[in-house]
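Per-entry structural report
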Amino acid sequence: MLHILLVILKILGIILACLLGLLLLLVLIVLFVPIRYRVDAKKREETIIKMRVSWLARLVFVRVWFINKQLHIKLRIFGFTLWDNLRPKKEKKVKHKKSSKKKSHNPKSESVEPDIKSMEDSPSTVDEIQEDTKEEQKKNIELHKCTKEEESANGDEEDTDPVEEQAEKEAGKLEKFTNKIKGIFHKISKLGTTIKNKIHKVLDLIKKLCEKKNLVSVFLNEEMNKTGIKFALGQLLEVLKYCGPQKIEGELKFGTGDPESTGKLLGAVAFLYGYYGKSVTIEPDFENKVFEAKVMVKGRIRFIRLLIIGIKVIRDKNFKKLVKNARQLKEEL
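Residues numbered from 1 in each chain as written. Predicted model: local features only at pLDDT ≥ 70, side-chain atom pairs only at ≥ 80, totals over all residues. Heavy atoms only, no water.

We now examine the pattern of salt bridges. Opposite charge on two side chains permits pairing when their charged atoms draw close. Inspection of the entire model under this criterion finds 5 salt bridges. A salt bridge links E260 to K264; its shortest N-O distance comes to 3.8 Å. Here E260 pairs with K264, and both are found in helix α6 (residues 259-271), just 4 residues apart, close to one helical turn. The two residues E260 and K264 agree in class, both being exposed. (Salt bridge = Lys/Arg side-chain N within 4 Å of Asp/Glu carboxyl O. Helix = DSSP H or I, 4+ residues; strand = E, 2+ residues; numbered from the N terminus. Buried < 20%, exposed > 50% of the residue type's maximum accessible area, 1.4 Å probe, protein only.)

The next subject is the layout of surface pockets. Estimates place the volume of the largest pocket at around 200 Å³. Lining the largest pocket are R36, Y37, R38, R52, V53, S54, R58, F61, Q246, K298, G299 and R300. Considered class by class, the residues forming the lining of the largest pocket number 3 nonpolar, 3 polar and 6 charged. One number sums up the size of the second largest pocket: a volume of about 150 Å³. (1 Å grid on protein atoms, 1.4 Å probe; cavity = no way out; pocket = protein on both sides within 12 Å on 5 of 7 lines; lining within 4 Å. Points joined across faces, edges and corners; volume = space filled by probe spheres on them. Nonpolar A, V, L, I, M, F, W, Y, C, P; charged D, E, K, R; others polar.)

This brings us to the packing of helix α5 (residues 223-243) against helix α9 (residues 317-332). In helix packing, the relevant descriptors are the interaxial angle and the interaxial distance, both defined with respect to the helix axes. Running from amino to carboxyl end, α5 crosses α9 at an angle of 110°, the nearest separation of the two axes being 8 Å. In terms of their interaxial angle, α5 and α9 are classed as roughly perpendicular. Crossing of α5 over α9 shows left-handed handedness. Between α5 and α9, the contacting residues are M224, N225, T227, G228, I229 and A232 on the first element and N318, F319, K321, L322 and N325 on the second. (Axes fitted to C-alpha atoms, helices over the stretch in contact; angles between N-to-C directions. Parallel < 35°, antiparallel > 145°, perpendicular 65-115°, else oblique. Left-handed = near helix turned anticlockwise from the far one by under 90°. Contact = heavy atoms within 4.5 Å.)

Structure, rendered in C-alpha cells:
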C-alpha cells in the first residue's frame, strides 16, 4: 500500500515539474524572444504605408496596410486569421416562419334577410318612420331660424365705432413696444450679472493657480526631486532609443518652391545626419515644389531589457522619494 502511494506521489511530482518547466519556458520565451517590426513607406502620387509586426518566428503576426486612403489590419496566430477589419461579415440566416393563412372576414357578406323579414312582418313600422322624419324636419327648420336670429344680433353688437377700434389698436401697439423695451433692459441686466460672475470666477481661478504655482515651484526646486526627475527622463530616453529602429534606409526629395526656405529645411534635415547616416539619400530641389519619399525602417524589442529598466527605476531611492512627494503635492492641489 505504501509503495503504491509513493508511486502516485512520484507521478504527481513529475507532472508538477513538467508544468513548472513549461511555465518557465513560456516566461523565458516571452522575455528573450524579440518582437520584430518593419515599416515601408512610399510617397509619390499617392501615400502607401506597410507595416508588419511578428513574434516567435511569425507564429504571431500582424500586418497593416494604408493604401489609397484605406486602412487594412490583419492578425494571424499560428497561421489562423483571427481578425481582419476588411473581411466581410457572415450574414446570419434568418428562418422565415410560415404565415398561416387566415380567412378574410367580410362583414358585407352577412345576410340582411332577417331585418327585411322583420320589417315585412310589422307593417306599422313604415308609418312610424315617416312621422319621425317629418318631426325631425320641423325641428331643423326651427333651429335654423334661431341661429339666423342669433347671428343678426351678434352682427348688431359687433358694429362699433371705428375711432374706438383705432384707439384700441394704438394702445395695443404701445403696450407691445413697452414690453419689448422692458425685455431688452432685462436681458442687458442679466448679461451684466453673468459677465460679473464670470470675472469673479476667473479671478478666483487665477488666485488658485498662483497658489498652486508656488507649490509646484517648491516641488521642482527640491534637490531630491530634481535628481529623481532627471533619472526618470534618462531611463525614458533609453527606452525610446532601444525601441527605435536599428536599420533605416530611404530616399528623400523635397522642395518648397522657395530657395531660402528649402535651404533652411535642408539644414534641419542635416542636423539629424548623425542618426540616419549615409543610409538615407537626400535630394533637395531649390526650384520646384515637390515632396517624394521612400523609407524602410526595422527593429526589434526584447521584454527582458524593458523589465531590467523598469526594475532599475522602481528600486532607485530618488525616484521613490519623487513619487512620494508627487502624491503629497497632488493631495495639496
